[in-house]
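Structural overview
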Protein chains: 2
Amino acid sequence: MTQLPPELVREALKRNKVKIENYKGIEYLRFMDDFKDVPRGTALFKSFTLWGYPHIGRIFQLSTGLKEQFTHPFFVEEKVDGYNTRIFLHEDQILALSRGGYVCPFTTERVEDFINLKFFEDHPNLVLCAEVAGPENPYVDEHPPYIKDDIQFFVFDIMEKDSQRFLPYREKEKLIEKYGLPSVERYGLFSVEDVDKLKRLMKRLNEEGREGVVMKEDSERDKRVKYVTLYSSLKDIEITSVNLLGLPPDYFTNRLLRLALFMEEEGIEADQELFLKVGKAFLEGLLKAIEMSKKDGRVYRTFRCRFKTRENALLFIESIKHASSQVQVLQRRLEKEGDYWVLEFDRVYLNMAGLLGHLLAGGSIFD
Amino acid sequence: MTQLPPELVREALKRNKVKIENYKGIEYLRFMDDFKDVPRGTALFKSFTLWGYPHIGRIFQLSTGLKEQFTHPFFVEEKVDGYNTRIFLHEDQILALSRGGYVCPFTTERVEDFINLKFFEDHPNLVLCAEVAGPENPYVDEHPPYIKDDIQFFVFDIMEKDSQRFLPYREKEKLIEKYGLPSVERYGLFSVEDVDKLKRLMKRLNEEGREGVVMKEDSERDKRVKYVTLYSSLKDIEITSVNLLGLPPDYFTNRLLRLALFMEEEGIEADQELFLKVGKAFLEGLLKAIEMSKKDGRVYRTFRCRFKTRENALLFIESIKHASSQVQVLQRRLEKEGDYWVLEFDRVYLNMAGLLGHLLAGGSIFD
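Residues numbered from 1 in each chain as written. Chains lettered and ligands numbered in written order. Predicted model: local features only at pLDDT ≥ 70, side-chain atom pairs only at ≥ 80, totals over all residues. Heavy atoms only, no water.

Re the UniProt feature "domain: RNA ligase Pab1020 C-terminal" (unreviewed entry) in chain A
Test applied: UniProt positions are given in the numbering used here, feature names are shortened, and annotations may be inferred rather than shown by experiment. Only DSSP runs of H or I covering at least 4 residues are called helices, and only runs of E covering at least 2 are called strands; the numbering of each starts at the N terminus.
Residues given the UniProt feature "domain: RNA ligase Pab1020 C-terminal" (unreviewed entry) here are residues 245-363 of chain A. Between the end C-alpha atoms of residues 245-363 of chain A the distance is 16 Å, and the span holds 54% helix and 24% strand.

Structure below.
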């Protein structure tokens, strides 16, 4: 399916699966959820559609997983811990969509700092799929340890407008090279026999504090699978335990499972040090949340990111204010620092603060 | 409400909230879920009704909780870690119900070993609410450390047939004394000012590896609240992490929250030793489940309990076979040892084994 049938769009609108958005006068439709065969994040502009970035299955074991998942050799790339964006040309402007299909004022503004725009001049019909990561990104609490400040872009796929398919891997590589695009690290072609080689790679990525890999089959079907490090699972718990009660209930058990199966696979001993790290990851965030809740009745994390214009900063903060009913966005400061407007804001975890406040005040629950 | 209106029972039957059960020829109705104002576990016999044991709210902090919950002094009792039963006279037989309202062949058979039956001769209309605990109980993986073998009964409430109310606390104490009934430890009457005294008690119970306390207001409304130790929350995680994926999703986050708020309340430092214990509690069970799954494709726990007759053992194991679609019950052995028939059986956690099996075989999931 390349073009969306109008009756499907009408039905999605009627069922509130699609929202009409407006970015600086550009109207578009955004699929807020998966709907029939249309993935969440699919965005309809006047003259073209950008398909949502597809879900990628996760394996928890390499030794059995490669054989089970792949019938051909596959390319291995770093999975960077950031947020997913799709960058494209709309009339004479470059825009960047969030995973949810929202034109992101922050990402859009920063594209030119990292991406050679000649790419879009030459290929107006192509879409760059990239991860944006770094300590000053406004969406994700974590970032790879090798990014010391601000953000970076990492291209990992190229797709066409009006198409759900990605360019073949080697074509993508050629374009990345030709335009000097920043890319995720690419580790080359592996076969399903290369379990040990891939385990060694994962061991190294784990030691370096990286998230993991995405594997992409070198075949017509372009099958993809992801696999992450113990470090990443542990970090997820550590970062999010401050919002322990606000996350999807299986968030933590899923990470523990990833972690345990990674250990099993890599022959990592369940030693005191690891137990300590896991316990600490859970408890420190939770204790911090309790402390916050006692001190000022709020549980939050502070984000910081930089903008070129004050207007974009304000547009951005407005845009994320209604993203979740469980998370309140509060601006802390917006000030010029050197060439940039630095925005600091809190994401306040309302569920967490609500329940903690109730319990700290001596309330009871029936559990 | 003391008598159940027949139309309510008919509606509950129609909606599958009530099941018809049969224990050795005695027919009765059992509420499998809370339905309107009728609690789960309510059981209707031919000539009387046994109300389900009510839910008790839990507080997570003493210092604020006592003032918030109680308007009068309250009695404090040990909360024993076992399963809840209601014992009563049916015609000329003593029967014991599970919390779910099922006549339990195991509990029923053992009542006479622990309870002075003269109590029921003198008071045929009264119902003993007791906790059954010990290493050889067939329901709960945990038990208080001071019970070294078999099981024990601990009476904590007395109610009347056809009534939702409990006997006043002092009447209960008199009957316990008069008939020498085994009882939960009773720590006497506390006021809402006695926070420090209660904290000291909790500290001791925590050190002794006990579960916690139930507090019962000395007033007409008989308000009840429970509060548990850090030990108990940690033990819950430790025991159940082998079935990490089969439990209600908020099971673990709830325990972590109890644990963290207990620490905060009692001024327990978040030290290395505690982090280590928490990490170990999560990981050891999970790693054991992975090992089991790899070795024989099943994840299970083994239970052991003793019966006086082979017939009751078989009746018991039949009765628990259909208790859950996610837990399979497999008999391991049933043999005479001394005066008892010893039954060993496994509870096989199907969800856990299913998902682990899928992942260990290299399957992927979209999470």
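Back to the write-up after that little detour.
Description of the packing of aromatic side chains
So the rule is basically this: Any pair of Phe, Tyr and Trp rings, taking the six-membered ring for Trp, is counted once the centres come within 6.5 Å. Such a pair is stacked with planes under 30 degrees apart, edge-to-face with planes over 60 apart, and tilted for the rest. Per-residue accessibility, obtained with a 1.4 Å probe over protein chains only, is compared with the maximum for each type, and a residue is labelled buried under 20%, exposed over 50%, and partly exposed between these values. Put simply, a charge is over a ring when the Lys NZ or the Arg CZ is close to the ring centre, within 6 Å, and near the line of the ring normal, within 35 degrees.
Per the stated rule, a full pass over the model turns up 47 aromatic pairs over all chains. Note on Tyr28(A) and Phe45(A): the rings are 4.9 Å apart at their centroids and 20° apart in plane angle, and the pair reads as stacked. Note that Tyr28(A) is positioned in strand β2 (residues 26-31) and Phe45(A) in the loop between β3 (43-44) and β4 (49-50), a separation of 17 residues in sequence. Across this residue pair, the class does not change: Tyr28(A) and Phe45(A) are buried. Plain terms: the ring middles of Tyr146(A) and Phe154(A) are 6.5 Å apart, the flat faces sit at 85° to each other, and that makes the pair edge-to-face. Connected via pairs of aromatic rings, a cluster forms that spans Tyr83(A), Phe106(A), Tyr139(A), Phe303(A), Phe307(A), Phe316(A) and Phe345(A). Taking NZ or CZ as reference, Arg255(B) lies 3.7 Å from the ring centre of Tyr251(B), over its face.

A few points about the sheet that holds strand β7 (residues 83-90) of chain B
Residue and element names in this part refer to chain B. For the record, the criterion: The rule for pairing is simple: two strands pair if DSSP sees at least two bridges between them. Axis definition: a line fitted to C-alpha atoms, over the contacting stretch in the case of helices. Angles run 0 to 180 degrees between N-to-C directions. Should any heavy atoms of two residues lie within 4.5 Å, those residues are counted as being in contact.
Spatially, β8-β7-β9-β10 is the arrangement adopted by the 4 strands of the open sheet, whose pairing is antiparallel. The sheet terminates laterally at β8 (93-98) and β10 (152-160), the two strands that pair on one side only. Taking the axes of each pair of neighbouring strands and ignoring which way they run, one obtains an average angle of 30° across the sheet. Across the face of the sheet, helix α3 (residues 105-114) comes into contact with β7, β8, β9 (126-133) and β10 while running at roughly 120° to β8. Contacts between helix α5 (residues 169-178) and the sheet are confined to β9 and β10, with β10 contributing the most and set at about 135° to the helix.

Details of the relation of the copies chain A and chain B
Keep this limit in mind: Least squares is the method for superposing the copies, and the C-alpha atoms it fits come from residues with pLDDT of at least 70 in both.
For the pair chain A and chain B, the relating rotation is 180°, the translation along its axis is 0.0 Å, and the fit reaches an RMSD of 0.0 Å. Such a combination of rotation and displacement between the chain copies is what one expects of a two-fold axis. A share of 100% of interface residues in chain A that are also interface residues in chain B marks the association as one of identical surfaces.

A closer look at the interface of chain A and chain B
Let me state the cut-off plainly: Accessible area that two parts lose when put together, with a 1.4 Å probe and added across both, is what the buried area reports. Criterion for a salt bridge: a side-chain nitrogen of Lys or Arg within 4 Å of a carboxyl oxygen of Asp or Glu. Think of a polar contact as two N or O atoms within 3.5 Å of one another; within protein, one of them needs to be a possible hydrogen donor and the other a possible acceptor, and neighboring residues in sequence only count if both atoms come from side chains. Gly is put with the polar residues, along with every residue not named as nonpolar or charged; the nonpolar set is Ala, Val, Leu, Ile, Met, Phe, Trp, Tyr, Cys and Pro, and the charged set is Asp, Glu, Lys and Arg.
On the chain B side, the residues contacting the 51 residues of chain A number 51 residues. Across the chain A to chain B interface the summed buried area is about 4,300 Å²; carbon plus sulfur atoms make up 72%. The tally of links between chain A and chain B comes to 6 salt bridges. The salt bridge partner of Arg58(A) is Asp367(B), with a shortest N-O separation of 2.9 Å. Where chain A packs against chain B, one counts 16 residue pairs in polar contact (both at pLDDT 80 or more). Contributing elements (two or more residues each) for the side of chain A that touches chain B: β5 (57-59), α2 (62-69), α8 (251-266), α9 (272-296), α11 (350-360) and β17 (364-365) of chain A. For the side of chain A that touches chain B, the element with the most residues is α9(A), which contributes 14 residues. A breakdown of the residues in the side of chain A that touches chain B according to their chemical character gives 30 nonpolar, 13 polar and 8 charged. Both β5(A) and strand β17 (residues 364-365) of chain B contribute to a ladder of 2 bridges, which runs antiparallel. Within β17(B), the residue paired with Arg58(A) across the bridge is Ile365(B).

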